[in-house]
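Structural overview
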Amino acid sequence: MTQETEAAGLTVDELAARAGVTVRTVRFYSTRGLLPPPVIGPRRVGRYGHEHLSRLALIEELQHQGLTLAAIERYVQQLPPGLSAEDHALHRALVATWVPDAETEVSRAELERRAGRSLTDDDVARLAAMGVLERTPPGPGAHDAGSGTYDAAAGASDAGSGADGGGDTFRVDPVVLHLGVRLLDVPIRLETVLAARDVVQEHSRAVARELTRLFHDEVWEPFGEADPDPEQVETMKSLSAHMQPLVVQALVTAFQRSMKAELRASFPAE
């Protein structure tokens, strides 16, 4: 059974474990309309899928941004119906662009719990090569820092009871982990995945470098020559910060359009 098939039929307990939250949080979000309803299977058991995992990750990111529950509800209500897991991941990427990485350290057992499957040493090595996780040596008296789960209904974290076993610990972003685990089942060689990553990194750095140079030469340098006062300097810094999310959204939109055009040209409909 593939990871895709397994995730399409998660119970509420499995969904909570994969997302790193409590069952009470999942039910709380459901009652507030933040999660799509599950598919009701035999014996009236609700089943959840990738879109629910991605929605929980988006909600977590909005919380990191400092949004209140009411603000998150308004944001979610504006989302188009029927968003896929990939669409949710895109929304999360846009709102998380300027937030520090939400990495956490987890044990091997907690890593597999969050992945929703057993991971072989080869799987771990593949995830590490993709930059999904990083092995970290446990310190003296180290415990499982990632075994706690967030309880939104209580507004607090349920601390883990200690190590889950196993000496290895890993630094990982939970959302990136879900995407990386799904790639484990994709029939693409690791070398191809890494080559694609290198292409994205190379060109994104080039775009960032050129846009920074353009802002410096056309905006910041002429502004500096005018001998501005400290208040004006702070205003200009604020302008730079506000422009960054707009630039990212423009880049994402341009990339989506370019990708669709390239796919149509390379794989024309017969």
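Let me sum up the structure you'll find in this document. (Residues numbered from 1 in each chain as written. Predicted model: local features only at pLDDT ≥ 70, side-chain atom pairs only at ≥ 80, totals over all residues. Heavy atoms only, no water.)

Comments concerning the overall build of the protein chain
Each helix and strand in the protein chain was counted, giving 11 helices and 7 strands. Taken over 270 residues, the protein chain has a buried fraction of 32%. When contacts within the protein chain are restricted to residue pairs at least 6 apart in sequence, long-range pairs at least 24 apart make up 74% of them. (Helix = DSSP H or I, 4+ residues; strand = E, 2+ residues; numbered from the N terminus. Buried < 20%, exposed > 50% of the residue type's maximum accessible area, 1.4 Å probe, protein only. Contact = heavy atoms within 4.5 Å.)

Looking at helix H4 (residues 50–64)
For H4, spanning 15 residues, the distance from its first C-alpha to its last is 21 Å, which sits close to the expected 21 Å at 1.5 Å a residue. For H4, a buried count of 11 out of 15 residues is recorded, marking the element as mostly surrounded by other parts of the structure. Of all the positions in H4, only His50, His52, Leu53, Ser54, Arg55, Leu56, Ala57, Leu58, Ile59, Glu61 and Leu62 are classed as buried. Glycine 66 sits one or two positions beyond H4 and adopts a positive phi of about 95 degrees. (Expected span 1.5 Å × (residues − 1).)

Let's talk about the nonpolar core
Across soluble globular proteins, you tend to see nonpolar side chains buried next to one another. With 20 residues, the main nonpolar core has Leu15, Val26, Tyr29, Leu34, Leu56 and Ile72 as its most contacted residues. Of all the elements in the fold, those that place two or more residues in this core are helix H2 (12–19), helix H3 (23–31), H4 and helix H5 (69–77). No other element matches the 5 residues that H4 contributes to this core. Membership of the second largest hydrophobic core comes to 15 residues, among which are Leu111, Leu119, Val132 and Phe170. (Core = buried A, V, L, I, M, F, W, Y, C linked by side-chain atoms within 4.5 Å.)

Notes on a nonpolar patch on the surface
Judged by side-chain polarity, Val207, Leu211, Leu214 and Leu251 come together as a nonpolar surface patch covering roughly 290 Å² of accessible area. Broken down by element, the nonpolar patch gets its largest block of residues, 3 residues, from helix H10 (residues 190–225). (Patch = residues over 30% accessible without salt bridge, like charges linked within 9 Å, V, L, I, M, F, W, Y side chains within 5 Å. Areas by Shrake-Rupley, 256 points an atom, 1.4 Å probe, with all protein chains shown as cover. Salt bridge = Lys/Arg side-chain N within 4 Å of Asp/Glu carboxyl O.)

Focus on the packing of H2 against H4
At a closest axis distance of 10 Å, the pairing of H2 and H4 adopts a crossing angle of 45 degrees. Looking at the two axes, H2 sits oblique to H4. Considering how the two elements wind past one another, H2 and H4 form a crossing that is right-handed. Every residue of H4 that contacts H2 at Leu15, Arg18 and Ala19 is listed here: His50, His52, Leu53 and Leu56. A class-by-class count of the residues in the contact of H2 with H4 yields 4 nonpolar, 2 polar and 1 charged. (Axes fitted to C-alpha atoms, helices over the stretch in contact; angles between N-to-C directions. Parallel < 35°, antiparallel > 145°, perpendicular 65-115°, else oblique. Left-handed = near helix turned anticlockwise from the far one by under 90°. Nonpolar A, V, L, I, M, F, W, Y, C, P; charged D, E, K, R; others polar.)

So, the pairing of strand S7 (residues 169–172)
As paired elements, strand S3 (residues 104–107) and S7 share 4 bridges and run antiparallel to each other. Pairing of threonine 104 across the sheet is with valine 172, part of S7. Direction of pairing for strand S4 (residues 133–136) relative to S7: antiparallel, over a ladder of 4 bridges. Bridging from a neighbouring strand, leucine 133 pairs with valine 172 of S7. (Pairing = 2+ DSSP bridges.)

Comments concerning the sheet that holds S7
A sheet is described by the order of its strands in space; here 3 strands give the open sequence S3-S7-S4, paired in antiparallel fashion. Because the sheet does not close on itself, it has two edges, and the strands there are S3 and S4. Sheet twist, expressed as the average angle between the axes of neighbouring strands with direction ignored, equals 35 degrees. Against the sheet, helix H7 (residues 108–115) contacts S3, S4 and S7, and its axis sits at roughly 105 degrees relative to S3.

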